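If you want the building blocks of each chain, they are given just below.
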Amino acid sequence: QVQLVESGGGLVQPGGSLSVSCAASGNMDSIIFMGWYRQAPGRQRELVARIANGGSTKYADFVKGRFTISRDNDKNTVYLHMSSLKPEDTAVYYCNALTAYPPSDYWGQGTQVTVSS
């Protein structure tokens, strides 16, 4: 079992920056990827960025150059720093952990990010 607790999020103006973090606990040794997804009203949940244990990263095309994912292994925490935010980035952002044994997806409770003037 893996538990994920997100923090951060909130309201920011277009062009601004915001960071969210995700603290993980539990069976940390089984985690192979951690990442962030988002879901806007009426839309499917979509991958924003993920980071592997080795540090390699993957970003959705719509956030490349604007968002940065990082992790602090000592704190078991993953961060998503978002800059040049656009109104279309408004969504609930969910932390995700993918484990290898057993193969499972774990989700945080979600944190709202609203980009509006």
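Thresholds, definitions, all that
- Residues numbered from 1 in each chain as written.
- Predicted model: local features only at pLDDT ≥ 70, side-chain atom pairs only at ≥ 80, totals over all residues.
- Heavy atoms only, no water.
- Disulfide = S-S within 2.5 Å.
- Helix = DSSP H or I, 4+ residues; strand = E, 2+ residues; numbered from the N terminus.
- Pairing = 2+ DSSP bridges.
- Axes fitted to C-alpha atoms, helices over the stretch in contact; angles between N-to-C directions.
- Polar contact = N/O pair within 3.5 Å; in protein donor to acceptor, adjacent residues only side chain to side chain.
- Contact = heavy atoms within 4.5 Å.
- Buried < 20%, exposed > 50% of the residue type's maximum accessible area, 1.4 Å probe, protein only.

### Structural notes on the state of the cysteines
At step 1: Here the structure, examined in full by the defined rule, presents one disulfide.
At step 2: Shown here is the disulfide that connects C22 with C95, its sulfur atoms set 2.0 Å apart. Torsion about the S-S bond of the C22 and C95 cystine: about -80°, corresponding to left-handed handedness. Linking C22 in strand β3 (residues 18-26) with C95 in strand β9 (residues 91-100), this pair joins segments that are 73 residues apart in sequence.

### Regarding the sheet that holds strand β8 (residues 77-82)
At step 1: With antiparallel pairing, four strands are arranged side by side in an open sheet as β1-β3-β8-β7. Of all strands in the sheet, those bounded by a partner on one side alone are β1 (2-8) and β7 (67-72). Between one strand and the next, the sheet's axes are offset by a mean angle of 20°, whatever the strand orientation.
At step 2: Bridging between β1 and β3 involves seven bridges; their strand directions are antiparallel. Opposite S7, over in β3, you have S21 as the bridge partner.

### Overview of the side chain of R66
At step 1: Here R66 is to be found in the loop between β6 (57-59) and β7.
At step 2: Here the side chain of R66 touches D89 through a polar contact of 2.7 Å, side chain to side chain.
At step 3: Apart from residues lying up to four places away in sequence, R66 is in contact with H81, M82, S83, S84, L85, K86 and D89.

### Re unusual backbone geometry
At step 1: With an omega dihedral of -10°, the bond running from Y101 to P102 counts as a cis peptide bond.
At step 2: Summarising the element assignment, P102 is placed in the loop between β9 and β10 (103-107).
At step 3: Even without a glycine there, the phi angle at N76 is positive, about 50°.
At step 4: With respect to the element layout, N76 can be found in the loop between β7 and β8.
At step 5: Judged by its relative accessible area of 29%, N76 is partly exposed.

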